[in-house]
Amino acid sequence: MNLLLFGAPGTGKGTQSSFLISQYKLHHISTGDLFRKALGEKTPLGLKAQSYMDRGELVPDSIVIALIEEVLADIKSGFILDGFPRTLAQAEALDSLLKNITLDLDKVLYLKVPESILIERIVGRRVAEKSGHVYHIKFNPPLKKGVCDKSGEKLIHRNDDREEVVKQRLKAYREQTEPLIEYYREKNILFELDGCGSPKEVFPRLQLMLSIS
Ligand code: AP5
């Protein structure tokens, strides 16, 4: 099963991916996480991506595609793509990369959430940088304020989760990423689902989509 979790920033792609990974043992490929890891290690890739991310803009296609090419070369099958592709050029590059390694994208699961809800979700997000655990100050608070329940790390507020940057990220999504809905609809692999409600209410809807052949 090779999946793409698709949706605007804050729709719950990372949260639902973590449920899918533990249930179905899939590889999780998140370009946002890969860029943040590279940035934490101060690699040239991370430093190149940083200015775009901090402004809420998309990292240029050439950088993202080269990164995905490297990651996919190590993965045989059974993955969830989260946050890639985000432009038509990336989607076309993905098609040809998968063709070269004789894999297919089986389903695109499109999480739909109104924009007013997204801003509250993103601005309230807190993350454990090293372990990647994700919380929300209102919808999923840690037991002890500011501390990850699982790793004990200090929780941080992502630089690009400030409201003014979030608005720019949503604009980039509307202008550059939303057209991919039609791209995947035409391929007959797009499954749309309501991403509102708690994460545990959303997950069974995802599972239902996975059971449809
Ligand atoms: P990336 O890290 O991919 O960010 P994103 O797509 O903007 O998505 P988010 O991580 O904000 O949201 P999510 O959908 O995963 O939501 P989550 O589950 O965390 O990208 C960051 C940047 O990297 C981009 O802006 C760009 O610059 C660059 N980049 C990355 N990929 C790129 C690409 N392919 N091309 C070019 N540039 C690229 O949930 C959000 C919050 O809501 C959490 O606090 C969570 O606890 C809470 N929550 C989740 N679900 C629910 C629910 N059902 N109810 C209530 N709260 C919920």
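Look up a bit, the structure's there.
Residues numbered from 1 in each chain as written. Predicted model: local features only at pLDDT ≥ 70, side-chain atom pairs only at ≥ 80, totals over all residues. Heavy atoms only, no water.

## Digging into the site of the ligand
So, point 1. Residues in contact with the ligand amount to 33 residues; listed here are only the nearest, Thr15, Glu57, Arg86, Arg125 and Arg169.
So, point 2. For the ligand, an oxygen atom lies 2.5 Å from a polar atom in the side chain of threonine 15.
So, point 3. Protein coverage of the free-state accessible area of the ligand, which is 1000 Å², stands at 96%.
So, point 4. Here the residues of the shell around the ligand are counted per class, giving 12 nonpolar, 12 polar and nine charged. (Near = heavy atom within 4 Å. Polar contact = N/O pair within 3.5 Å; in protein donor to acceptor, adjacent residues only side chain to side chain. Areas by Shrake-Rupley, 256 points an atom, 1.4 Å probe, with all protein chains shown as cover. Nonpolar A, V, L, I, M, F, W, Y, C, P; charged D, E, K, R; others polar.)

## What about the packing of aromatic side chains?
So, point 1. For the structure shown, the criterion picks out four aromatic pairs.
So, point 2. A ring pair is formed by phenylalanine 6 and tyrosine 173, whose centres lie 6.2 Å apart and whose planes are at 50°; its orientation type is tilted. Of this pair, phenylalanine 6 sits in strand 1 (residues 3-6) while tyrosine 173 sits in helix 7 (residues 163-177), placing them 167 residues apart in sequence. With respect to burial, phenylalanine 6 and tyrosine 173 carry one shared label: buried. (Phe/Tyr/Trp six-rings, centres within 6.5 Å; stacked < 30°, edge-to-face > 60°. Helix = DSSP H or I, 4+ residues; strand = E, 2+ residues; numbered from the N terminus. Buried < 20%, exposed > 50% of the residue type's maximum accessible area, 1.4 Å probe, protein only.)

## Thoughts on the pattern of salt bridges
So, point 1. If you walk through the whole model with that rule in mind, you get 18 salt bridges.
So, point 2. A salt bridge links glutamate 41 to lysine 37; its shortest N-O distance comes to 3.3 Å.
So, point 3. Of the charged contacts in the structure, one is a salt bridge between aspartate 194 and arginine 205, with a shortest N-O distance of 3.9 Å. Pair noted here: aspartate 194 is in strand 8 (residues 190-194) and arginine 205 is in helix 9 (residues 199-211), with a separation of 11 residues, a long-range link.
So, point 4. By relative accessible area, aspartate 194 is classed as partly exposed at 40%. (Salt bridge = Lys/Arg side-chain N within 4 Å of Asp/Glu carboxyl O.)

## A short note on the sheet that holds strand 7 (residues 155-156)
So, point 1. Taken together, three strands build an open sheet; the order of strands is 6-5-7 and the sheet is antiparallel. The sheet is open, and its two edges are formed by strand 6 (134-136) and strand 7, each paired on a single side.
So, point 2. The pairing of strand 5 (residues 125-128) with strand 7 spans two bridges and is classified as antiparallel. Within strand 7, the position partnered with alanine 128 by the bridge is leucine 155.
So, point 3. Each of strand 5 and strand 6 touches helix 6 (residues 115-123); the most contacted strand, strand 5, lies at about 40° to it. (Pairing = 2+ DSSP bridges. Contact = heavy atoms within 4.5 Å. Axes fitted to C-alpha atoms, helices over the stretch in contact; angles between N-to-C directions.)

## Brief notes about the environment of valine 147
So, point 1. Here valine 147 shows up in the loop between strand 6 and strand 7.
So, point 2. Separated by 15 residues in the primary sequence, valine 147 and arginine 162 have C-alpha atoms spaced 20 Å apart.
So, point 3. Here valine 147 is in contact with Pro142, Gly152, Glu153 and Leu155, once residues within four sequence places are set aside.

## Side note on unusual backbone geometry
So, point 1. The omega torsion of the bond from phenylalanine 84 to proline 85 falls at 0°, within 30 degrees of zero and hence cis.
So, point 2. Positive phi values are uncommon outside glycine, yet lysine 42 reaches one of about 55°.
So, point 3. Note on placement: lysine 42 falls in the loop between helix 2 (31-40) and helix 3 (44-55).
So, point 4. Using a relative accessible area of 62% as the deciding quantity, one classes lysine 42 as exposed.
So, point 5. With a phi close to 65°, asparagine 188 is a non-glycine residue in the positive phi region.
So, point 6. Looking at where asparagine 188 falls in the secondary structure, it is placed in the loop between helix 8 (180-186) and strand 8.

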